[in-house]
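Residue-level structural notes
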Number of protein chains: 2
Amino acid sequence: MREEKFRRTPQRLAIMKFLEGNSSHPSAEEVYFGLKRQFPTLSLATVYHTLEALERMGKIVEINVDSTKKRYDPAVGAHHHLICIRCKKIIDLPEKFHPVLNEEERKGFRILRSQVEFYGLCPQCQSRRSPAQKN
Amino acid sequence: MREEKFRRTPQRLAIMKFLEGNSSHPSAEEVYFGLKRQFPTLSLATVYHTLEALERMGKIVEINVDSTKKRYDPAVGAHHHLICIRCKKIIDLPEKFHPVLNEEERKGFRILRSQVEFYGLCPQCQSRRSPAQKN
DNA sequence: GTTACTGCAAAGCTTTTGCATCCCT
DNA sequence: AGGGATGCAAAAGCTTTGCAGTAAC
């Protein structure tokens, strides 16, 4: 139950600033390349360590949508997602639905949060024959 | 738009039988070890190839919940999930909610399906101090 | 007889880890 | 001064791919 120590190093401040208000749901690699220019010594290992720490502190949440890589969302409040199954673009939707399970449906689980996900094709991917981007 | 050729080999029939009605949402490795005993020559590569083919044919769907590995669901119809954030157990819930987005909320997407996910702790993980299982 | 499938090994990616050095507090 | 953080390289997982042999159709 001990509080976590968290040093505000230049790298971490840069990562936090990069994520703040960022709605692109970036992966670790995207955070890394997004900061690499202004921060040439930054290492991917540090990005991974920092993302993990921020997640433990509840500042960001991991999103499981792209099975090839983890993505992170700085919006930790309840909201929903609109996901393109092709390019893996993720768009935030305001919390509009509040699904609830009754006692029986809960199967003994302690529910912590719920989320609605809409899967489909974004405008760009609807009018595109070419193979999906790697994103 | 050409039809996919699909040969019904013994390996594939075994994998399909293993998945049929299976609600454990297995990973490729779980399918592999689940059949390895009765099918000693089966290879993991074949399991991966077959799962990919079954997915292309719409017989199974990939579930993105466990960020460390892909998992598959033979229930392709609309339904929801109850997910333990600790042991990554996934329980199917009947389709009870039918969230819909209006024109404006759709942001130009063509919606194909939606899904509600409930995250929480399963009965076993509520009463357990030890670190989460690898599942 | 074709051609898709199998299985092995190797390669590819993302993520994690060991460790010496560094530097925030 | 002390302990957490950094960054490099190596390792670990999961998944994909190349290829020769095999078998379904």
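Just so you know, these numbers come straight off a predicted model, no measurement behind them.

Residues and elements named next belong to chain A. On domain assignment, one finds that chain A holds domain 1 (1-76) and domain 2 (77-135). Carbon and sulfur atoms make up 50% of the area that domain 1 and domain 2 hide from each other, which totals about 960 Å². Sorting the residues of domain 1 by area buried against domain 2 places His25, Val65 and Arg71 first, and these three jointly supply 44% of that buried surface. Run the count over domain 1 and domain 2 and you get zero salt bridges. At the boundary of domain 1 with domain 2, the tally comes to five residue pairs in polar contact (both at pLDDT 80 or more). For the side of domain 1 that touches domain 2, the per-class residue count stands at four nonpolar, two polar and five charged.

To continue, consider the protein's contact with DNA strand D. Taken together, 20 residues lie around DNA strand D, and Arg7, Thr9 and Arg12 of chain A together with Tyr48 and Lys70 of chain B are the ones closest in. Between Gln11 of chain A and DNA strand D, the recorded distance is 3.0 Å, taken from a side-chain N or O atom to a sugar or linking oxygen. Contact between DNA strand D and Thr46 of chain A: a phosphate oxygen at 3.1 Å from a side-chain N or O atom of the residue. Those elements that provide at least two residues to the surface near DNA strand D are α1 (10-19) and α3 (44-56) of chain A together with α3 (44-56) of chain B. Here the residues of the surface near DNA strand D sort into five nonpolar, eight polar and seven charged.

We now examine the interface of chain B and chain A. Where interface size is given, it is often the accessible area lost as the parts come together that is meant. At the junction of the two partners, chain B supplies 38 residues and chain A supplies 38 residues. Interface area, chain B with chain A, both sides summed: about 3500 Å², of which 63% is carbon and sulfur. Across the contact surface, chain B and chain A share two salt bridges. In this structure, the salt-bridge partner of Lys96 of chain B is Glu105 of chain A, at a minimum N-O distance of 2.8 Å. Where chain B packs against chain A, one counts 18 residue pairs in polar contact (both at pLDDT 80 or more). When contributions to the side of chain B that touches chain A are tallied by element, the ones reaching two or more residues are β3 (80-84), β4 (90-93), β5 (110-121) and α4 (123-126) of chain B. Top element by residues in the side of chain B that touches chain A is β5 of chain B. It accounts for 12 residues. Here the residues of the side of chain B that touches chain A sort into 20 nonpolar, eight polar and 10 charged. In this sheet, β5 of chain B lies alongside strand β5 (residues 110-121) of chain A in antiparallel orientation, the contact comprising 11 bridges. Residue pairing in the sheet places Ser114 of chain A in a bridge with Phe118 of chain B of β5 of chain B.

Cys84 and Phe118 of chain A together with Cys84 and Phe118 of chain B are the most contacted members of the largest nonpolar core, which has 24 residues in total. Of all the secondary structure elements, the ones that give two or more residues to this core are β3 (80-84) and β5 of chain A together with β3 and β5 of chain B. What Phe118 of chain A contacts, discounting residues up to four positions off in sequence, is His81, Leu82, Ile83, Leu93 and Phe97 of chain A together with Pro99, Val100, Leu101, Ile111, Arg113 and Ser114 of chain B.

This part is about the relation of the copies chain B and chain A. For the match of chain B to chain A, the screw axis carries a shift of 0.0 Å, the RMSD comes to 0.0 Å, and the turn is 180°. Here the two chains are linked by the operation of a two-fold rotation axis. Scanning chain B for the C-alpha nearest the rotation axis identifies Val116 of chain B, at a separation of 2.2 Å. Most of the interface of chain B is mirrored in chain A: 100% of its interface residues are interface residues there too.

Let's shift gears to the pairing of β4 of chain B. Pairing between β3 of chain B and β4 of chain B: four bridges, direction antiparallel. Residue His81 of chain B lies in a different strand from β4 of chain B, and its bridge partner there is Asp92 of chain B.

Along the polypeptide, Arg86 of chain B turns up in the loop between β3 and β4. Although Arg86 of chain B lies buried, it forms no salt bridge, and the closest oppositely charged side chain, Glu55 of chain A, sits 13 Å away as judged by the N-O distance. A polar contact of 3.1 Å, which involves the side chain of Arg86 of chain B, links it to the backbone oxygen of Cys125 of chain B.

Our focus in this paragraph is helix α2 (residues 28-36) of chain A. Because each turn of an α-helix spans 3.6 residues, side chains separated by three or four positions in sequence point in the same direction. Residues and elements named next belong to chain A. Residues of α2 that are buried: Ala28, Val31, Tyr32 and Leu35. Considered in projection along α2, the buried side chains sweep an arc of 100° and stay on one side of the axis. At its buried positions, α2 is contacted by α1 and α3.

So, about the packing of α1 of chain A against α2 of chain A. Residues and elements named next belong to chain A. Following both chains from N to C, one finds α1 and α2 inclined at 110°, their axes separated by 10 Å at the closest point. Compared by their axis directions, α1 and α2 come out roughly perpendicular. Counted together, Ala14, Ile15, Phe18 and Leu19 of α1 and Glu30, Val31, Gly34 and Leu35 of α2 form the full contact between these two elements. The class makeup of the residues in the contact of α1 with α2 is six nonpolar, one polar and one charged.

Cut-off values and rules
- Residues numbered from 1 in each chain as written.
- Chains lettered and ligands numbered in written order.
- Predicted model: local features only at pLDDT ≥ 70, side-chain atom pairs only at ≥ 80, totals over all residues.
- Heavy atoms only, no water.
- Domains from an automatic or database assignment.
- Buried area = accessible area lost by both parts, 1.4 Å probe.
- Salt bridge = Lys/Arg side-chain N within 4 Å of Asp/Glu carboxyl O.
- Polar contact = N/O pair within 3.5 Å; in protein donor to acceptor, adjacent residues only side chain to side chain.
- Nonpolar A, V, L, I, M, F, W, Y, C, P; charged D, E, K, R; others polar.
- Near = heavy atom within 4 Å.
- Helix = DSSP H or I, 4+ residues; strand = E, 2+ residues; numbered from the N terminus.
- Contact = heavy atoms within 4.5 Å.
- Pairing = 2+ DSSP bridges.
- Core = buried A, V, L, I, M, F, W, Y, C linked by side-chain atoms within 4.5 Å.
- Buried < 20%, exposed > 50% of the residue type's maximum accessible area, 1.4 Å probe, protein only.
- Least-squares fit on C-alpha atoms with pLDDT ≥ 70 in both.
- Lys, Arg positive; Asp, Glu negative; His and termini not counted.
- Arc of directions from axis to C-beta.
- Axes fitted to C-alpha atoms, helices over the stretch in contact; angles between N-to-C directions.
- Parallel < 35°, antiparallel > 145°, perpendicular 65-115°, else oblique.

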